[in-house]
Amino acid sequence: MSATARRWSESARRDLTLAALALVLFGAVTCAFPGFAAPGNLAGLLDDTAILIMLALGQMLVILVRGIDLSIAANLALCGMLAALFNRALPGAGVVPVLALSLASGAILGAFNGLLVWKLRLPPIVVTLGTMSIYRGAIYLLSKGAWVNENEMTRGFLAFTRASFLGLSTLSWLALGFAAAFIFALRRLRVARDMYAAGGNPEAAAYAGIDAGRMQFIAYTICGAIAGLCGYLWVARFAVAYTDIALGFELQVIAACLIGGVAIAGGKGSAIGVLIGCLFLGIIRSSLPLVGISAFWQMFINGAVILIAVLLSARSRVHPRSILETPRP
Amino acid sequence: MQAPHLTLTGIRKSFGGARALECAGLELHRGAVTALIGENGAGKSTLVKILSGVHQPDEGEILLDGKPVRIADPVHARRLGIAVVHQECLVFDNLSVAENLFVNAQPATRGFVRAREMRERASVVLRDLDADFDAGTPAGALSIAQKHVVQIARALVDQTRVLILDEPTASLSRRECTELFRIVRKLRAAGCALLFISHKFDEIFEIADRYAVFRDGSSVGAGVLADVNHDELIRLMVGRPVAQLFPKVATTVGSELLRVDHLSRTGEFADISFSLRRGEIVGIYGLVGAGRTELAQVLFGINRADAGTFTLAADAAAAGIALVPEDRQSQGGILAFSVAANIALPNLATLAPRGLCSHRAEADLARQWIDRLEIKAQGPAQTVQNLSGGNQQKVVIAKWLARKPAVLILDEPTKGIDVGAKAAVHAVTSEYVKAGNGVIMISSDLPEILGMSDRVLVMRRGRLRGEFSRAAATSELLLRAASEA
């Protein structure tokens, strides 16, 4: 391999490739529909993708430590319902307690996942498949199946996500802020380094004094807190809370991670990659109506993109690892 | 005597740069048990893998009944009548005994397994072997010894003519061994050619008719067992000139650094007592499974002892003990990490005291060690995955030496790495003890143990079976203590 190719690390090269692909896609759509690149449209695209970005960053942490969080969308829906009910019960409390409540409740739900995985050593996919149903069921019990509608929400509750600063919504700023924080934290924080180590090789991590289970707990808790926050944001943005909000959204979140180059077997992934992966999906989603393709094709295209992304990363891999793969001699 | 059933001549096999077999040969006769003897790393396992079709030899000839054959893959080996009973007991725990016997060869009509026929044929074979379990038993419920019988029965179902037993007795009790040997004799009487691999000389003399000795990938002797004795076999095994590879530096041995008192862990090792002094390298020799790695894991704190204590000298307690584990890929390094991140990992408390990592500090530390250990990497940022085995091992050693421990435990520090890297590892070890630290070196490599140690402890079946000073230790003595002659 040449020296120039070496200057970029493997993950940086993957991020660059993905960014180039996203730009090509963006350029193609813009050529056909010049309005696509208009600032207003781009701000809208970011606004539409913001929640996906935040959730995918949380999910990435969990996948990094060899876990997966299937309950992420159910957590979001439950915390969103809690936020809506809290706002209805105490309309005068303002937004800050709502934010605190949704973060805290999400963190507790995430920590519950984390504890089951850490202390009882249960397989992550089974744990979160279970809690996914539990959290959804809990919404029904809380709300008795009723909706919380726009007219039951206070103006401040609704306005927070829509406030605009320098042309971008609160949602967009939050997503960019989270992305920046993750990029910094994953590079520089010791606990992040420990997570990469625990996901990359739990046994060697144990020899270096890192408790891989504890890292999983931390990842699930952070992921849960983000899901909880997104619960409030989702409810405020769409101005409605009911049992089935964000149903199946966990799959889009996981898809964004995989497209963004996060290794499903753990230990590899970057925040920039995830950010680009989300934007990639966002571009596809918002360009489909322009091209005249039904939005129902979105799922089909998401799936195809995942398969292509996995195929590309499988070909560049030196040491195959198997959690979800079949080992071959 | 009749012509051999299976003959291998001039077998060569390399993996990457490492030569596993240099010029190996073997003859197996019908109705005879041939014992294959050699140190760890002499090439026995590679030969077994060639016979079972897992690997292809680079050069050399295999004759079956005088006709040259090429064993393409394990299925082909099975069709040629060659079967292996593996040390690790490769049995499907989730299937019944009968299903295990017919794996990949079920009697079937248009894809439907004829279950009754399979069970009946399995029962016949098990009865032949006087097995004490029936064909319907789930294999997971069997003991290790019974699983060996299942593997042998599988070989019989295949009409095996050559049966390879790869250290079958390593995890069997004496009574279970007797049972196994009864079956082996029965197969021998039926005209089967058997290859028996073992480190235990008493068993070899009990069961084998012929012997073949491997050393460093070459055949160094073969013949009828009745013509040789135990001492001659050991001499054949180790009789190489010990290369002057070991830059052993004379050190002054100082005060006691680590004291281990009657340390035990159930099922792994028992009643281990020894002490380590400053400036000293204590070698621990033994065969695979003697409990050496388990002892190291307890000293390092991966596992806890059930009884006994170990104490560091008061002024060394803060510096502590570090362990370079045996398996550098799964326990030693994070392959996906860069050289710098690997070396930094156990040192982050110093490098990132407030939880914030500095890439520059990590790269500086890595550069120091890359120079000191002559690690062949393009720089601190190179991924460890892309380094050669020897350089990976140097990174693992660097990451622990950078912590400046008072005691360093090296578990098979030079296993599978090339001569140059070996010398570098030995040099840095010598330098480290010279500074007044202590090293415990676990190794199955006799020249390494003899060349590097100030004192050698020998472990066998979880217990200390001998202590030799540097002057008194010889290959013969160590091997005899380790292999219960």
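Computed from a prediction, not measured in an experiment: that's the story for all the values here. (Residues numbered from 1 in each chain as written. Chains lettered and ligands numbered in written order. Predicted model: local features only at pLDDT ≥ 70, side-chain atom pairs only at ≥ 80, totals over all residues.)

Brief notes about the overall build of chain A
- Regarding its fold elements, chain A presents 14 helices and two strands.
- In summary, chain A has a C-alpha radius of gyration of 20 Å against a globular reference of 20 Å for 329 residues, a match within 12%.
- Each principal axis of the C-alpha distribution contributes one length, and for chain A these read about 60 × 55 × 35 Å.
- Looking at chain A as a whole, 46% of its 329 residues are labelled buried.
- Excluding contacts between residues fewer than 6 apart, the proportion of contacts in chain A whose partners are at least 24 apart in sequence is 80%. (Helix = DSSP H or I, 4+ residues; strand = E, 2+ residues; numbered from the N terminus. Rg over C-alpha atoms; globule rule 2.2 N^0.38 Å. Buried ≥ 20, exposed ≤ 12 C-beta atoms within 10 Å, placed from the backbone. Contact = placed C-beta atoms within 7 Å.)

With respect to the overall build of chain B
- The secondary structure content of chain B amounts to 17 helices and 21 strands.
- Whereas a compact globule of 485 residues would reach a radius of gyration of roughly 23 Å, chain B reaches 25 Å, a difference of no more than 12%.
- Projecting the C-alpha coordinates of chain B onto the three principal axes gives extents of approximately 70 × 50 × 45 Å.
- Within chain B, the proportion of its 485 residues that are buried is 49%.
- A sequence separation of at least 24 residues applies to 70% of the contacts in chain B between residues at least 6 apart.

Some details on helix H6 (residues 174-189) of chain B
All names here are of chain B.
- The first and last C-alpha atoms of H6 sit 23 Å apart over 16 residues, in line with the 22 Å expected at 1.5 Å per residue.
- Taken residue by residue, H6 has Glu-179, Leu-180, Val-184 and Leu-187 as its buried positions. Down the axis of H6, the smallest arc covering the buried residues is 140°, so these residues share one side. Facing away from the buried side of H6, by more than 90 degrees, are the exposed residues Arg-174, Arg-175, Thr-178, Arg-182 and Ala-189.
- Considering only its buried residues, H6 is in contact with strand E3 (32-37), helix H5 (144-157), strand E9 (162-166), strand E10 (193-197) and helix H7 (201-207).
- Trailing H6 by a residue or two, Gly-191 shows a phi angle of about 95°, which is positive. (Expected span 1.5 Å × (residues − 1). Arc of directions from axis to C-beta.)

Let's talk about the nonpolar core
- Counting residues in each nonpolar core, the largest one holds 253 residues, and the members touching the most others are Ala56(A), Leu57(A), Ala219(A) and Leu478(B).
- When residues in this core are grouped by element, the largest group, 18 residues, is from helix H11 (residues 212-238) of chain A.
- Each residue touching Ala219(A), except ones within four places of it in the same chain, is listed here: Leu61(A), Val62(A), Leu64(A), Val65(A), Gly67(A) and Met195(A). (Core = buried A, V, L, I, M, F, W, Y, C linked by C-beta atoms within 7 Å.)

Focus: the interface of chain B and chain A
- Residue-level contacts link 23 residues of chain B with 21 residues of chain A.
- The class makeup of the residues in the side of chain B that touches chain A is 15 nonpolar, eight polar and no charged. (Nonpolar A, V, L, I, M, F, W, Y, C, P; charged D, E, K, R; others polar.)

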